[in-house]
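# Coordinates in review
Below, each chain spelled out in residue letters.
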Amino acid sequence: MTIINQVFDREVMIKANIGYKLFLPKHYDSNKWYPLILFLHGIKKRGTDIRVLDHYGLIKAVSSDEDFPFIVLAPQCPPLVSWPAVRHEVMGLLEHVTTQYSVDKKKIYLTGFSMGAHGVWDLIVNCPDHFSAAAPIAGWYEGEAAKLVKTPVWVFHGEEDDVVSISGSFTMVNALKEAGKEVVFTSYPGLKHEHDVMDITYANPELYRWLLQYVRDNE
């Protein structure tokens, strides 16, 4: 019997097939530059029908705000997988949108809810130089990864969350603080794992002012 131990080291092509919604500010002008927010949805919105993102999360918030200054990109996670499994597809989509529209590449921000917040953590850990700031809502990740985070983070979570325990956010917030990273934490007393957490967060104008203060200088 022969046993061979080797390492396969080669770049391979990935074919991306992922639906998305794109919000453009009112009076969008291709001669101007706009900040962009990448929004990752929760687990119940996975699939191939992009209409399930109508009136949901950040899309819901911006649809009722005619003065919203950001471009918003909201991809849809395919069935039966989570955001980390399609990380390369999401980043490919982001690159496509930033080349097709007038996106200020120094002002690209990231947010998401539940499974989407897990995806937020995954992206800022594995793609640390792409985002200016991030706002995960009701998420979780491995605290050890906090040392790889370069992105300023504002974390949100409902204190009575019965689906994703607030301990998941505590783990990341504490790990980031111990690593000397920039992090803000807001918890909502009495709120469970519901869309109310998203609605309150995305209706807060302070969130967007906080995001815009961060501009990447590595372009």
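Structure: see above.
Residues numbered from 1 in each chain as written. Predicted model: local features only at pLDDT ≥ 70, side-chain atom pairs only at ≥ 80, totals over all residues. Heavy atoms only, no water.

### Topic: the overall build of the protein
Of regular secondary structure, the protein possesses six helices and seven strands. Helices and strands in the protein line up, N terminus first, as β-β-α-β-α-β-α-β-β-α-β-α-α. For 219 residues, the compact-globule estimate of 2.2 N^0.38 gives 17 Å, and the protein sits close to it at 18 Å. Put simply, 72% of the contacts in the protein that link residues at least 6 apart link residues at least 24 apart. Of the roughly 11,800 Å² of accessible surface on the protein, a fraction of 49% belongs to carbon and sulfur atoms. The distance from the centre of the 21 positive side-chain charges to the centre of the 27 negative ones in the protein is 4 Å. (Helix = DSSP H or I, 4+ residues; strand = E, 2+ residues; numbered from the N terminus. Rg over C-alpha atoms; globule rule 2.2 N^0.38 Å. Contact = heavy atoms within 4.5 Å. Areas by Shrake-Rupley, 256 points an atom, 1.4 Å probe, with all protein chains shown as cover. Lys, Arg positive; Asp, Glu negative; His and termini not counted. Charge placed at Lys NZ, Arg CZ, Asp CG, Glu CD.)

### Thoughts on the nonpolar core
Ranked by internal contacts, the top residues of the largest apolar core, which has 38 residues, are Leu36, Leu38, Leu110, Leu123 and Phe131. Where this core is concerned, the elements lending two or more residues are strand S2 (34–40), strand S3 (71–75), helix H2 (87–100), strand S4 (103–113), helix H3 (115–126), strand S6 (153–158) and helix H4 (167–178). Top element by residues in this core is H3. It accounts for six residues. Every residue in contact with Leu123, bar those within four places of it in the chain, is listed here: Leu38, Leu40, Arg87, Val90, Met91, Leu110, Pro128 and Phe131. (Core = buried A, V, L, I, M, F, W, Y, C linked by side-chain atoms within 4.5 Å. Buried < 20%, exposed > 50% of the residue type's maximum accessible area, 1.4 Å probe, protein only.)

### Some words on the pattern of salt bridges
A side chain of one charge can pair with a side chain of the opposite charge when the charged atoms of the two come close. The final tally for this structure, using the stated rule, is eight salt bridges. Note that Asp54 and Lys21 form a salt bridge whose closest N and O atoms lie 2.7 Å from each other. Of the two residues, Asp54 sits in the loop between S2 and helix H1 (57–63) while Lys21 sits in strand S1 (residues 20–23), which places them 33 residues apart along the sequence. Lys150 serves as the salt-bridge partner of Asp129, at 3.2 Å between the closest nitrogen and oxygen. Taken together, the residues span a long stretch of sequence, with Asp129 in the loop between H3 and strand S5 (133–137) and Lys150 in the loop between S5 and S6 at a distance of 21 residues. Relative accessible area serves as the criterion here: at 37%, Asp129 is assigned to the partly exposed category. The exposure class assigned to Lys150 is exposed, which follows from its relative accessible area of 56%. (Salt bridge = Lys/Arg side-chain N within 4 Å of Asp/Glu carboxyl O.)

### Remarks on the environment of His96
On the secondary structure map, His96 appears in helix H2. For His96, a relative accessible area of 38% translates into the label partly exposed. C-alpha of His96 to C-alpha of Ile137: the two residues are 41 residues apart in sequence and 26 Å apart in space.

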